[in-house]
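Observations on chain architecture
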Amino acid sequence: MNKRQLGSSDLYVSEISLGCMSLGTDHNKAKDIIDRAVDAGINYLDTADLYDFGENEKIVGEAVKGKRDDLLIGTKVGNNFNPDQEDWHWDPSKKHIKEGVKDSLKRLGIDYIDLYQLHGGTIDDPIEESIEAFEELKQDGLIREYGISSIRPNVIKEYVEKSNIVSVMMQYNALDRRPEEEILNLLADNEISVLARGPLAKGMLSSKGQEKAQEKAENGFLEYSQEEVLEITKQWQSFTSDEKTAETLALQYVLQNPTVATAVFGASSVEQLNDNLRYLESPPLTEQIYKEMKALTKGITYQKHRSK
């Protein structure tokens, strides 16, 4: 498995990595998925304190016992939750971040977190205070690096300017090309990497694209109508071959941009994981096919989808 440097840090992540939110709560089933991913060369596992109200971190922690030194663990903070009431509120305060890391470490059963990420953010947050918390956690050795998980350009720009983030996790795929509009170049110029989540666009760029488009794009997707999504997913299949599945093409599309360190996909079964691992058997994406992929989809702007 090829690895890419995360920003200017000494962390090197596998080109494809496992987003753990979809693992479910069956510990044995989740462990089978994680074991298969690690055996295939995936070295980055991404979770969050909010996933299943902490249970996901526990599952990941159990699954990586005895393998910790070979893996990079990323988790997130910012949603202050009460698992008993299954309720949460946004809290990017220094106090919560420094309490949250201790809770995550306990659930994960590890001594430090490789990549600690703010799980969202608004322009009205006490950004300097949040940054101070992450910097102190890094100095204390509780985290190795930090980043943010956000699709909001105004928030991302604040962190680029004021912090030492090494990564931004954001939705990025051939259907959602908003990061290409203004963010990828900004991050590249500042040696900050992208963790591309949702590379298969809710499954619409998978081998079951037409079926998923009927379900996930019932009311359209971003600026696309459902009819447009159905046509794109149909034509997407024309790029496939014995060596390149639809899943492989979706992963290769986002990884074609060097600012992307890893494509983070979810898997709820070993079979689904194996579909994505076909990426490892595929020859590189040609520049011609890449251009044709871009011609098939359109550059969606943030303007109609910009949040505060």
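Summary of the structure given here. (Residues numbered from 1 in each chain as written. Predicted model: local features only at pLDDT ≥ 70, side-chain atom pairs only at ≥ 80, totals over all residues. Heavy atoms only, no water.)

A word on the pairing of strand S10 (residues 167-171). Among the five residues of S10, five are classified as buried, and the element is accordingly described as predominantly covered. Judged by which residues are buried, S10 turns out to be covered on both faces: Ser167, Met169 and Gln171 on one side and Val168 and Met170 on the other are all buried. Pairing of strand S9 (residues 143-149) with S10 involves three bridges; the strand directions are parallel. Note on S10: the bridge partner recorded for Ser149 is Met169. Note on the crossover from S9 through helix H5 (residues 153-162) to S10: the handedness is right-handed. In the sheet, S10 pairs with strand S11 (residues 193-197) via five bridges, with the strands oriented parallel. The partner of Val168 across the bridge, within S11, is Val194. (Buried < 20%, exposed > 50% of the residue type's maximum accessible area, 1.4 Å probe, protein only. Helix = DSSP H or I, 4+ residues; strand = E, 2+ residues; numbered from the N terminus. Pairing = 2+ DSSP bridges. Right-handed = clockwise from strand over helix to strand, strands pointing away.)

Take Gly147: it is sitting in strand S9. Assessed through its relative accessible area of 0%, Gly147 is described here as buried. Residues Gly147 and Trp90 lie 57 residues apart in sequence; the distance between their C-alpha atoms is 17 Å. In this structure, Gly147 is in contact with Leu115, Tyr116, Gln117, Leu118, Ile165 and Ser167, ignoring residues within four places of it in sequence. (Contact = heavy atoms within 4.5 Å.)

Moving on, we get to the nonpolar core. With 82 residues, the main nonpolar core has Leu18, Leu45, Tyr116, Leu187 and Trp236 as its most contacted residues. The greatest single-element share of this core, amounting to seven residues, is contributed by helix H9 (residues 246-255). Setting aside residues up to four positions removed in sequence, Leu45 forms contacts with Leu18, Cys20, Ile34, Val60, Val64, Leu71, Leu72, Ile73 and Gly74. With eleven residues, the next largest nonpolar core counts Tyr44, Met169, Leu195 and Ala261 among its residues. (Core = buried A, V, L, I, M, F, W, Y, C linked by side-chain atoms within 4.5 Å.)

Relative to each other, H5 and helix H6 (residues 178-189) sit at 10°, their axes nearing to 11 Å. Compared by their axis directions, H5 and H6 come out roughly parallel. Facing Pro153, Ile156, Lys157 and Val160 of H5, the residues of H6 in contact are Glu182, Ile183, Leu186 and Leu187. Counted by class, the contact of H5 with H6 contains six nonpolar, no polar and two charged residues. (Axes fitted to C-alpha atoms, helices over the stretch in contact; angles between N-to-C directions. Parallel < 35°, antiparallel > 145°, perpendicular 65-115°, else oblique. Nonpolar A, V, L, I, M, F, W, Y, C, P; charged D, E, K, R; others polar.)

With that settled, the discussion passes to the packing of helix H3 (residues 94-108) against helix H4 (residues 127-139). A packed helix pair is summarised by two numbers, namely the angle formed by the two axes and the spacing between the axes. Packing of H3 against H4 leaves a shortest axis separation of 8 Å and a crossing angle of 30°. If you check the angle between H3 and H4, you find them roughly parallel. As for the relative orientation of H3 and H4, their crossing is right-handed in sense. For the pair H3 and H4, the contacting residues are Lys94, Ile97, Lys98 and Val101 in the first and Glu129, Ser130, Glu132, Ala133, Phe134, Glu136 and Leu137 in the second. (Left-handed = near helix turned anticlockwise from the far one by under 90°.)

Attention shifts here to unusual backbone geometry. Non-glycine residue Asp52 carries a positive phi angle of around 50°. Mapped onto the secondary structure, Asp52 falls in the loop between strand S4 (44-46) and helix H2 (55-63). By relative accessible area, Asp52 is classed as partly exposed at 35%. Although it is not a glycine, Lys202 sits at a positive phi angle of roughly 60°.

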